[in-house]
Amino acid sequence: MEPMRQSPSPCSSRPSSPRTLPYETLGYVGIDAVLDQLKIKAMKMGFEFNIMVVGQSGLGKSTMVNTLFKSKIWKSTALDLERPIPQTLKLQSVTHIIEEKGVKLKLTVTDTPGFGDQINNDKCLRPLDIEFLQRLSQTVNVVPVIARADSLTIEERESFRRRIQHNLRTHCIEVYPQKCFDEDINDRILNSKIRDRIPFAVVGADREHLVNGRCVLGRKTKWGIIEVENLAHCEFPLLRDLLIRSHLQDLKDITHNVHYENYRVCRLNESHQLPRGPGWVNLAPTPGGPLATPRTSKVCQQVQDDSEDDEEC
């Protein structure tokens, strides 16, 4: 006797809807899920970061940038003391794509060749430096550093730091992180510690050396190895943490929301002081209606001719 065959259930024979997701794919739903969405979007788009290094030739600017990102970002050129230093106002920029653990960073480094090479610097801020910092601090975030800190003793380094801090306060030069942008008590405490150490005494190096059985990044001298990542030797780790680990996004936000907006407003205000001519646009509304110039009148007339209704231009 044959076993009784069971007729297929109507539910089992019905094809599954392609719009119905398996139960396993459904998970917790909450507002904090937007963080995962932002992370995925940021991973796809990547990040951009722009740095301009300013200083005399031979201070190790290229080496410092290469050490900062542990990549060959900038190729340094040997300084020939026999040849005269060329005087140029042309800026040099190079852009690289750095990828680490799936995170892409578009880094643009701008150099100012020949800045202050013809001026003597006796361990103090020169008038050129003061004028430059006063103007630059209104447009970008300024982070001063003491280059080639290994050429100074600990006492000389601290004395030099105090003189620079005094000059910055005397000439009202705001460097990053600015006090007015401290949002809460935690930011104020952290940024106060950073401001006390500015300018950072840094040493750059792009070679590894064997010290006590371990490879360290540093510079070899006849006195020993200067370890770049050792706080007892220099303050390069503090600069790297500030620019990359803790304040990179804040640097970008202040540049975009504060410095760029101030620059844009200044440029718009300056445009209204220029002589009115072809292409001039009145951004501020006037009681009698928009001011018409020969070019704007032609555009308005063309719009009126092409339009089917009687709307005013």
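Notes on the structure in this doc start here. Model, not experiment: these values are computed from the prediction.

**Some words on the sheet that holds strand S7 (residues 214-221)**
The 3 strands are arranged S6-S7-S8 in an open sheet whose pairing can be described as antiparallel. The outermost strands of the open sheet, each flanked by one partner alone, are strand S6 (208-211) and strand S8 (224-227). On average, each strand axis in the sheet is inclined to that of its neighbour by 70 degrees, with strand direction left out of account. The sheet contact formed by S7 and S8 spans 4 bridges and is antiparallel. Bridging across to S8, Gly 218 finds its partner in Glu 227.

**A short note on the pairing of S7**
When a strand is regular, its side chains alternate between the sheet's two faces. As paired strands, S6 and S7 are joined by 4 bridges and run antiparallel to one another. Bridged to Val 211 within S7 is Arg 214. The antiparallel hairpin formed by S6 and S7 contains 2 residues in its connecting segment, where Asn 212 sits at a positive phi of about 55 degrees. Between S7 and the antiparallel strand that follows it, S8, lie 2 residues.

**Focus on the environment of Gly 204**
Here Gly 204 shows up in the loop between strand S5 (200-201) and S6. In this structure the C-alpha to C-alpha distance between Gly 204 and Arg 148, which are 56 residues apart in sequence, comes to 7.6 Å. Once residues within four sequence positions are removed from consideration, Gly 204 is found in contact with Thr 63, Thr 67, Arg 219 and Val 228.

**Looking at a negative patch on the surface**
A surface patch of negative charge is lined by Glu 183, Asp 184, Asp 250 and Asp 253. Along the chain, Asp 250 falls in helix H8 (residues 248-271). You can call Asp 250 partly exposed: its relative accessible area is 30%.

**Some points on the packing of aromatic side chains**
Counting across every chain of the model gives 1 aromatic pair. For the ring pair Phe 115 and Phe 132, a centre distance of 4.9 Å and an interplane angle of 55 degrees mean the geometry is tilted. Of this pair, Phe 115 sits in the loop between strand S3 (103-111) and helix H4 (127-136) while Phe 132 sits in helix H4, placing them 17 residues apart in sequence. Judged by relative accessible area, which is 25%, Phe 132 ranks as partly exposed.

**As for the pattern of salt bridges**
Applying the stated criterion across every chain yields a total of 14 salt bridges. Between Arg 214 and Glu 227 there is a salt bridge, and its shortest N-O distance comes to 3.4 Å. In this pair, Arg 214 sits in strand S7 while Glu 227 sits in strand S8, placing the two residues 13 residues apart along the sequence. Assessed through its relative accessible area of 10%, Glu 227 is described here as buried. Between Glu 270 and Arg 267 there is a salt bridge, with its nearest N and O atoms 3.2 Å apart. Taken as a pair, Glu 270 and Arg 267 lie in helix H8 at a separation of 3 residues, close to a single helical turn. For Glu 270, a relative accessible area of 39% translates into the label partly exposed. Since its relative accessible area comes to 47%, Arg 267 is described here as partly exposed.

**Re H4**
It helps to recall that an α-helix has 3.6 residues per turn; residues three or four apart then point in one direction. Within the sequence span of H4, burial applies to Asp 129, Ile 130, Leu 133 and Leu 136. The arc that holds every buried residue of H4, seen down its axis, measures 140 degrees, which confines them to one face. In H4, those exposed residues whose orientation departs by more than 90 degrees from the buried face are Pro 127 and Arg 135. Buried residues in H4 make contact with strand S1 (47-53) and helix H5 (154-170).

Criteria and thresholds
Residues numbered from 1 in each chain as written. Predicted model: local features only at pLDDT ≥ 70, side-chain atom pairs only at ≥ 80, totals over all residues. Heavy atoms only, no water. Pairing = 2+ DSSP bridges. Helix = DSSP H or I, 4+ residues; strand = E, 2+ residues; numbered from the N terminus. Axes fitted to C-alpha atoms, helices over the stretch in contact; angles between N-to-C directions. Contact = heavy atoms within 4.5 Å. Patch = residues over 30% accessible without salt bridge, like charges linked within 9 Å, V, L, I, M, F, W, Y side chains within 5 Å. Areas by Shrake-Rupley, 256 points an atom, 1.4 Å probe, with all protein chains shown as cover. Salt bridge = Lys/Arg side-chain N within 4 Å of Asp/Glu carboxyl O. Lys, Arg positive; Asp, Glu negative; His and termini not counted. Charge placed at Lys NZ, Arg CZ, Asp CG, Glu CD. Buried < 20%, exposed > 50% of the residue type's maximum accessible area, 1.4 Å probe, protein only. Phe/Tyr/Trp six-rings, centres within 6.5 Å; stacked < 30°, edge-to-face > 60°. Arc of directions from axis to C-beta.

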